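Commentary on secondary and tertiary structure
These are the residues of each chain, in order.
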Amino acid sequence: MRKEVTYINPLRLGVIYAAVLAAIYLVFGVIGILFGLMGGMHGGFGGFGMFGGGGLIATAAGILAGAIMGFLGGAISALVYNLAAKAFGGVVIELKDV
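The sections below set out a description of the structure shown in this document. (Residues numbered from 1 in each chain as written. Predicted model: local features only at pLDDT ≥ 70, side-chain atom pairs only at ≥ 80, totals over all residues. Heavy atoms only, no water.)

Attention shifts here to the environment of valine 92. As for its position among the elements, valine 92 is in strand β2 (residues 91–94). Judged by its relative accessible area of 44%, valine 92 is partly exposed. Taking C-alpha positions, valine 92 is 9.0 Å from threonine 6, a pair spaced 86 residues apart along the chain. What valine 92 contacts, discounting residues up to four positions off in sequence, is Arg2, Lys3 and Glu4. (Helix = DSSP H or I, 4+ residues; strand = E, 2+ residues; numbered from the N terminus. Buried < 20%, exposed > 50% of the residue type's maximum accessible area, 1.4 Å probe, protein only. Contact = heavy atoms within 4.5 Å.)

Relative to the helices and strands, alanine 85 resides in helix α2 (residues 55–88). Residue alanine 85 is classed as buried on the basis of its relative accessible area of 8%. Counting along the chain gives 79 residues from alanine 85 to threonine 6, while the straight-line C-alpha distance between them is 5.7 Å. Sequence-distant contacts of alanine 85, defined by excluding residues within four places in its chain, comprise Val5, Thr6 and Gly90.

Nothing here speaks to function; it is geometry throughout.
Here's what the structure looks like:
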């Protein structure tokens, strides 16, 4: 069964992009904090390594910024897709019943 995607809801795609980017930023932020703490164990920077004590704040700001930019990117992508699908036709996908 072939179907054509003619419309993507910009708000829903924005929320999905925001959640995905926030999760990615969270993972990398935690890794960065762990590396910072390991660097701090070997002297200097007051136990917070390269983050200088602001690692949690930087990670939280990164997650928030990633979520905002993800939402905007997803919403804009959906709007552009909808315009292109209206002008040229949408993406055709093939589905099968299982």
